[in-house]
Amino acid sequence: MDGLSEARKGIAPRGALEARNTDTVEFAAATPEAEQPFKELGLTEDEYAKIRQILGRRPTAAELALYSVMWSEHCSYKSSKVHLRNLAPRGAQTDKLLAGIGANAGVVDIGQGYAVTFKIESHNHPSFVEPHQGAATGVGGIVRDILAMGARPVAVMDALRFGPADAHDTARVLPGVVSGISFYGNCLGLPNIGGELSFDPCYAGNPLVNALCVGVMRHADLKAAVASGLGNKVVLFGSRTGPDGVGGASVLASSTFAGDAEDGSVGSGGAAAKRPSVQVGDPFMEKLLIECCLELFAGDLVEGIQDLGAAGVACATTELAAGGGAQVGMRVDLDLVPLRDPSLTPAEILMSESQERMMAIVTPGKAGEFAAVCAKWDVEATVIGEVTGDGVLTMTWRGGTVVSIPPETAADGPVYSRPLARPAAQDELAADGPAMPRPGDGAPLRQALLALLGSADLADKAWVTQQYDAIVRGNTVLAMPEDGGLLRVDEDTHLGIALATDGNGRYCRLDPYLGTQLALAEAYRNVAMTGARPMAVTNCLNFGSPEDPGVMWQLAEAVRGLADGCATLGIPVTGGNVSLYNQTGQMAIHPTPVIGVLGVHDDVRRRVSAGFGANEATIIVLGETRDELGGSAWAHVAHGHLGGIPPAVDLAAEQRLAGLIAVAAAAGLLASAHDLSDGGLAIALAESCLRGGNGCSIDLDDVSPQAFTALFSESAGRAVVTVRPEQAAEFAALAHSHGVPAAAIGTVTGDSLQVNGQFDIPLDELAAVWQGTLPALFG
Amino acid sequence: MTFPGSLDDQDAARAVRYAGAEPVALWHADRDLRGVDAVILPGGFSYGDYLRCGAIARFSPVMGSLVPAARAGLPVLGICNGFQILCEAHLLPGALTRNAALRFIHRDVRLDVVNAGTAWTSGYAAGQSLTVPLKSGEGAYAASPETLDELERTGRVVVRYAPAAPNGSARDIAGICSAEGNIVGLMPHPEHAIDPLTGPSADGLGFFTSIVSAFAGAGAAR
Amino acid sequence: MARVIVDVMLKSEIHDPQGEAVLSASHRLGFGNVTGVRQGKRFELDIDGPAGDAALARAEELARELLANPVIEEFSLSFVE
Amino acid sequence: MARVIVDVMLKSEIHDPQGEAVLSASHRLGFGNVTGVRQGKRFELDIDGPAGDAALARAEELARELLANPVIEEFSLSFVE
Ligand SMILES: Nc1ncnc2c1ncn2[C@@H]1O[C@H](COP(=O)(O)OP(=O)(O)O)[C@@H](O)[C@H]1O
Ligand SMILES: [Mg+2]
């Protein structure tokens, strides 16, 4: 039995309704006792009762479908909303915001008349079921979000987490996910400029596939997802509507996979039980949609626009109508929706998640021009309804009224304050610091470095990133494996934007508040390393089941950490996405907020790379190194250990470091800059050597008295930079005036990573270890 | 030239500008070549490349004008998807097939200029080494052994991967030309190597300056 | 030696952008009477041993495990002389 | 309406990395007696009008012009009921 019939069984009306009459509003009013499959659609008794109360009757099958998807966790944020409110930017955080949380994606003023919009979104569950298409459509969805703001999408990023690198199922999921992102993003002509790749057993049944898109527009181009203007036309354009992913949003992303998908194998147990009809991406159509929309925007032909994502037509119509205000309603004729499968019922039309569709509000006078632009791009466009002044969303089908609701009641959805409780085990975890034996000096340290460098988390990601076009559009100044991606926005003024995403599930497991701030700090630092000034934040909150009070505590702590962190840094959260129910049976993933930071670069010609490029340059470690190994890569790789407390966060120090790098980069003082994060100084040095093709000779004494701590501690707020000898004094003075501790530890030289008094590793050996891991695992 | 699904068209236009000429946008649905001196078919995924790369673009209305013009001597450069379209349109022999590893490859490659006598490579010296990006999933050049022999014998291999093709291309061929040398197709992207700020080098600019100076020298344009 | 053909097609409810692209290209080329196109894969397998039920069973196993993605595709088997 | 199947395979002298990848994956999965795999494309065309020589001729034309690249591929046609 395939997933489609599963999903349809839940929706029930199909066969049943064909036999009866259409379930119209009149029929529903006349048959109050008719049984409805609200549970199968993921609604609770209370929610169902609430719908009946709102409508003063039982909902029709179409209305029930509409409410069920709109009130799903995925669309309504019903469990997270009370916490997300804390993220609303305040005071100085709002200075540069042109649109904030609540819009499809937040919009930031970057100066010179330009605005930037960016957002990160999850496609975790679909990517486990069908990795290639799941990941591909994840990219497609976030790109349409950005497009709906009126911006031209200019780049994507992908943050990925999988089960153990050598697990059987990872060999199915990872290559599929990467090929899906590659297929879709490359075909769309959007450069992929960075992301993340990491592995942990907690993600075995729940890989995380988070995709980010960034778009650029002029201030005047900003569009709103609002229906307005009595008599204006509602136009559905793009792909036809088929049975794709019917029930996907509500069923799949709002509950855990049943059964024990321990090996995670599809076809047995877990995923198969709730497999919906899979959405297949058509990136070519999306490319046409992008160009078509941008031409429509340029011609001022749309009054309001919304992308169709999860919950498709149901979501676009209700949100557009609700966005228009209390008086605004909408009348839609579902017979006019162009279908790929003519047998779809109204409920299925509303729930379909067919990809590559948009909905626009167009004045009657411009409808002709609108159609002409769509025809030029071979994009099918159909008027399916119009804006009314009665405050009601009305839908008809085959002569009957199948939906008649106040749209805001569906758009707003319920809000739950779910119970939360700090798990008792947190204290044990915190007490269980990494107290195991540490390598002393020389050979054991060398061995530890190579083991870390060759571990799947820290190894060269080229096997993945070589499948991504990072340079299409010709504005990519920095991309992976650099700390942050950097894009040129204006060829004449050299204005640019930088982006990085970071998250560390291990830190967050130990302390979700600190862990989230560490992720924020790392993304902030990575953006700063390019020479850019961090300006805004997006986030994707990947957590387990909200019905688990421990998970809710993690979520609340993470959001609190993010809100406090952004307030301290003075930058706003402009949007994001929440993905819950990431767990297999009772096993939740590590709490994994993924934080994206956007920065502005005043002159991309002054960009800074991570590689040791300049021979004889002085190598300087910035920031303070403490003995901080809780949740570290060393504890994980060398001992499979997770415990203790994560490194301390000092956001003021991060700000000072970022400020120093920006000023030094603008002054041309930096030959390279690379932040320190997973694996500490050891890994940063190895990466800078390999990236630049130059070796180095260093002393650790001024970093920390213990060589091990100097090499592997993961203290935050640090970076390793190189400065030409003749500029070293100037830089030292600058660092001092910024209040950033700076220790000169050696020089760029030779073709080995040489730590004086400890060890010497030829670059060839480093390269072989670093580059060999992923190809050995994935072919 | 922009087909539905062309992606590197703006990059090709930028490269033309960098070379000192004026880019003119051509649209697949117009038969009109607008009196241009030379045509670049850019990279991308025309029509999604769903059937075979370049297979559907070949039937675009503009190709009805381009094919005879190219046969009559109009200089044409096909980059990546443009190369695939030229092969599908039989303006160049052979075909581009799946990369040997069956994955999309994006990386910088080294090319040796084999033929510096074409309209698009006259600014280079034979044997010169270039570093430019390659980014394609179906970049492995394939042709019958007779065709390959013929191409080599008549100097129609324009650029070669050095030291070896990363994608399984026959005889490490990265680009070829027509018998007259006016039509050149290659898989790597010279338009993405025109400025060290955004590419690995400026080595690719020579393709564009070659053609511009050919016209400047002949007094034929600008 | 047996030669078994495995045809793998997307399930009918699954969107097939490739087939659609071919369909619209056919129309542009003047093949107006082509009303539908689905694009799938064809595998020709050479299997050691006689052409018979055993070979077919083996091929079916392979198709199920490797050649077709059961989430979105279905397959059929046939012999070729 | 006629349904015509067009099978498109790489010519035997053209390298088929997809087929080879399937072959070695088969061996890894324990299908040692699979000795050769070629991978091609299968198109299911719906053609207006009766299933007959005219439909076949039309499909052949489409295959020649669009579905197969004669430089590297060959095709065959068949009806399906
Ligand atoms: N899935 C991915 N997609 C694109 N780029 C990636 C991906 N995973 C990692 N990268 C890139 O690889 C480089 C190294 O990653 P990582 O070590 O996580 O960086 P950092 O520690 O600086 O955050 C970065 O440039 C990052 O953007
Ligand atoms: Mg970094």
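Residues numbered from 1 in each chain as written. Chains lettered and ligands numbered in written order. Predicted model: local features only at pLDDT ≥ 70, side-chain atom pairs only at ≥ 80, totals over all residues. Heavy atoms only, no water.

Visitor: Any chance you could explain the overall build of chain C here in plain terms?
Guide: The helix and strand inventory of chain C stands at two helices and three strands. Overall, the C-alpha framework of chain C stretches about 45 × 30 × 15 Å when taken along its three principal axes. Taken across its 81 residues, chain C has 51% of its residues classed as buried. Of all intrachain contacts in chain C linking residues separated by at least 6 positions in sequence, the fraction that spans at least 24 positions is 72%. With an accessible surface of roughly 3,500 Å², chain C has 50% of that area assigned to carbon and sulfur atoms. In chain C, 8 positive and 14 negative side-chain charges are present, and the distance between their average locations comes to 5 Å. (Helix = DSSP H or I, 4+ residues; strand = E, 2+ residues; numbered from the N terminus. Buried < 20%, exposed > 50% of the residue type's maximum accessible area, 1.4 Å probe, protein only. Contact = heavy atoms within 4.5 Å. Areas by Shrake-Rupley, 256 points an atom, 1.4 Å probe, with all protein chains shown as cover. Lys, Arg positive; Asp, Glu negative; His and termini not counted. Charge placed at Lys NZ, Arg CZ, Asp CG, Glu CD.)

Visitor: I keep staring at the sheet that holds strand β6 (residues 208-218) of chain A and nothing clicks. Help me out?
Guide: Picture the strands of a sheet paired through backbone hydrogen bonds; they go either parallel or antiparallel. Residue and element names in this part refer to chain A. Taken in spatial order, the six strands of this open sheet run β1-β2-β3-β6-β4-β5, and their pairing is mixed. Edge positions in the sheet fall to β1 (97-99) and β5 (192-199), since each of these pairs with one other strand and no more. Going from strand to strand, the sheet's axes swing by 25° on average, the running direction of each strand aside. Pairing of strand β2 (residues 107-111) with strand β3 (residues 114-122), which is carried by four bridges, proceeds in the antiparallel orientation. Bridging across to β3, Val 108 finds its partner in Val 116. Sheet strands touched by helix α9 (residues 131-148): β3, β4 (152-162) and β6. Its angle to β6, the strand with the most contacts, is close to 25°. (Pairing = 2+ DSSP bridges. Axes fitted to C-alpha atoms, helices over the stretch in contact; angles between N-to-C directions.)

Visitor: How should I be thinking about the site of ligand 1 in this particular structure?
Guide: Residues and elements named next belong to chain A. Among the 19 residues in the neighbourhood of ligand 1, the closest are listed as Asp 158, Gly 195, Glu 196, Glu 482 and Asp 502. Contacts to ligand 1 include Asp 158, whose side-chain N or O atom sits 2.4 Å from a nitrogen atom. Within the backbone of Pro 481, a nitrogen or oxygen atom sits 3.4 Å from an oxygen atom of ligand 1. Within the complex, the protein chains bury 90% of what would otherwise be the 550 Å² of accessible surface of ligand 1. Of all elements in the fold, only β4, β5 and α22 (512-529) reach the threshold of two or more residues within the shell around ligand 1. (Near = heavy atom within 4 Å. Polar contact = N/O pair within 3.5 Å; in protein donor to acceptor, adjacent residues only side chain to side chain.)

Visitor: Help me understand the coordination of the magnesium ion (ligand 2), please; the structure alone is not making it clear to me.
Guide: The reference angle at a metal is 109.5 degrees if four donors form a tetrahedron and 90 or 180 degrees if six donors form an octahedron. Residue and element names in this part refer to chain A. Of the protein atoms, only Asp 483 (OD), Asn 526 (OD1) and Asp 675 (OD) coordinate the magnesium ion (ligand 2), at distances of 2.0 to 2.4 Å. All donors to the magnesium ion (ligand 2) come from one chain, and their sequence spacing reads D-x42-N-x148-D. One end of the pair, Asp 483, is in the loop between β14 (476-478) and β15 (485-488); the other, Asp 675, is in strand β23 (residues 672-675), with 192 residues separating them in the sequence. For the pair Asp 483 and Asp 675, a shared accessibility class is recorded, and that class is buried. (Donors = N, O, S within 2.8 Å, 3.2 Å for Na, K, Ca; no water.)

Visitor: Is there a simple way to explain the nonpolar core in this structure?
Guide: One recurring pattern in soluble globular proteins: nonpolar side chains tend to sit buried together. Membership of the largest hydrophobic core comes to 185 residues, with the highest contact counts inside it found for Val214(A), Phe237(A), Phe370(A), Tyr141(B) and Leu67(D). In terms of residue count, the dominant contributor to this core is helix α13 (residues 283-298) of chain A (10 residues). Beyond its immediate stretch of four places on either side in the chain, Phe370(A) contacts Val235(A), Phe237(A), Leu296(A), Leu301(A), Val302(A), Ala360(A), Val362(A) and Ala381(A). Formed by 49 residues, the second largest nonpolar core is a distinct cluster that contains Ile51(A), Met70(A), Trp71(A) and Met359(A). (Core = buried A, V, L, I, M, F, W, Y, C linked by side-chain atoms within 4.5 Å.)

Bear in mind that shape data such as this cannot, by itself, settle questions of function.
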